[in-house]
Amino acid sequence: FDDAITYFAAAGEAGISGAYNNMGVVYYRQKKYDDAVDAFERCLALDPSHRGARTNIEKIIASRGQ
């Protein structure tokens, strides 16, 4: 997982919004929900229409009962 996060972070910094979504999925699988939300929000900052990131954030919020 650590290698994946490193590569996704580098791709995200290069402007590839989907990489942040993928990074968020990795964090989610590790149960690092705050980090996952942060990654999904970075994805949405680059691409506000990214449906995967928006759906993933909504899943986390729903699971927390917020």
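Refer to the preceding data block for the structure.
The structure displayed is predicted, hence computed values, not measured ones. (Residues numbered from 1 in each chain as written. Predicted model: local features only at pLDDT ≥ 70, side-chain atom pairs only at ≥ 80, totals over all residues. Heavy atoms only, no water.)

**Student:** Looking at this model, I keep getting lost on the environment of L44. Mind explaining?
**Tutor:** Here L44 lies in helix 3 (residues 33–46). For L44, a relative accessible area of 11% puts it in the buried group. As for L44 and S17, which are separated by 27 residues in sequence, their C-alpha atoms are 7.4 Å apart. Residues in contact with L44, not counting those within four places in the same chain, are H50, A53, R54 and I57. (Helix = DSSP H or I, 4+ residues; strand = E, 2+ residues; numbered from the N terminus. Buried < 20%, exposed > 50% of the residue type's maximum accessible area, 1.4 Å probe, protein only. Contact = heavy atoms within 4.5 Å.)

**Student:** Would you mind showing me how to read helix 3 here?
**Tutor:** In this model helix 3 runs 20 Å from its N-terminal to its C-terminal C-alpha over 14 residues, within 8% of the 20 Å that 1.5 Å per residue would give. All of the buried residues in helix 3 are A36, V37, A39, F40, C43 and L44. Angular distribution of buried residues about the axis of helix 3 spans 160 degrees; they occupy a single face of the element. Summarising the geometry of helix 3, the exposed residues directed more than 90 degrees from the buried face are D34 and A45. Those residues of helix 3 that are buried are in contact with helix 2 (17–29) and helix 4 (51–64). (Expected span 1.5 Å × (residues − 1). Arc of directions from axis to C-beta.)

**Student:** Where do I start with the pattern of salt bridges in this structure?
**Tutor:** Charged atoms that come close allow side chains of opposite charge to pair. The final tally for this structure, using the stated rule, is two salt bridges. With a closest N to O distance of 3.2 Å, R42 and D38 form a salt bridge. Here D38 and R42 lie together in helix 3, a separation of four residues that amounts to about one turn. (Salt bridge = Lys/Arg side-chain N within 4 Å of Asp/Glu carboxyl O.)

**Student:** When you look at the nonpolar core in this model, what are you seeing that I'm missing?
**Tutor:** Counting residues in each nonpolar core, the largest one holds 15 residues, and the members touching the most others are I5, M23, Y27, A36, F40, A53 and I60. Those elements giving two or more residues to this core turn out to be helix 1 (2–13), helix 2, helix 3 and helix 4. Ranked by residue count, the leading element in this core is helix 3, at six residues. (Core = buried A, V, L, I, M, F, W, Y, C linked by side-chain atoms within 4.5 Å.)

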